[in-house]
Amino acid sequence: MSVSLLVVEDKDKTLQSICTMIEPLGFEVTIARDGLDGLSKAKQQYFDIILLDHKMPVMDGLSLLKNLRELEAYQHSPLLFMSTQDMVEIEPKALKAGATQCLAKPLHEDFLLDTLKTWAVRFVA
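Quick summary incoming for the structure in this document. Predicted, not measured: the structure shown is a model, and the values here were computed from it.

### Quick word on the sheet that holds strand β1 (residues 4-8)
- With parallel pairing, 5 strands are arranged side by side in an open sheet as β2-β1-β3-β4-β5. Strand pairing shows two members of the sheet lacking a second neighbour, β2 (28-32) and β5 (101-104), which therefore form its edges. Direction aside, the axes of adjacent strands within the sheet are offset by 20 degrees on average.
- Examined bridge by bridge, β1 and β2 share 5 bridges and lie parallel to one another.

Below you can see the structure in the form of structure tokens.
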């Protein structure tokens, strides 16, 4: 069984970097370019893990987190929040909005892969 992953990121360079890092893990990856697109895709299809950016057009990551947590399907799902902002400042806000874990950008490959593997275990066990 493969694990489905929704990556919500508006920056091409960051998106390409993330996809290159996670490609070897065999996730079924879907991409959304902003928070509203991510919310729409999450309503159409269930994703095992959602990796989402903080600052995006149309709907930011904090708003997306709140909207996802309001959906029954995502009340207990891993929602991994990425930000370039100082984690001391943004992490409490992200956790309050519904993030499962916060990841500082730029993402380090080993840390990202270990994080995704940790959360994916619950879907392949």
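### Re the pattern of salt bridges
- Inspection of the entire model under this criterion finds 5 salt bridges.
- Among the salt bridges present, the one from D37 reaches K41, with a minimum N-O distance of 3.5 Å. In this pair, D37 and K41 both sit in helix α2 (residues 35-44), 4 residues apart, roughly one turn of the helix.
- On the basis of relative accessible area, D37 is assigned to the partly exposed category, the value being 23%.
- Overall, K41 belongs to the partly exposed group, its relative accessible area being 24%.
- Look at the salt bridges and you will find they share partners, linking E9, D53 and K105 into a network.

What counts and what doesn't
Residues numbered from 1 in each chain as written. Predicted model: local features only at pLDDT ≥ 70, side-chain atom pairs only at ≥ 80, totals over all residues. Heavy atoms only, no water. Pairing = 2+ DSSP bridges. Helix = DSSP H or I, 4+ residues; strand = E, 2+ residues; numbered from the N terminus. Axes fitted to C-alpha atoms, helices over the stretch in contact; angles between N-to-C directions. Salt bridge = Lys/Arg side-chain N within 4 Å of Asp/Glu carboxyl O. Buried < 20%, exposed > 50% of the residue type's maximum accessible area, 1.4 Å probe, protein only.

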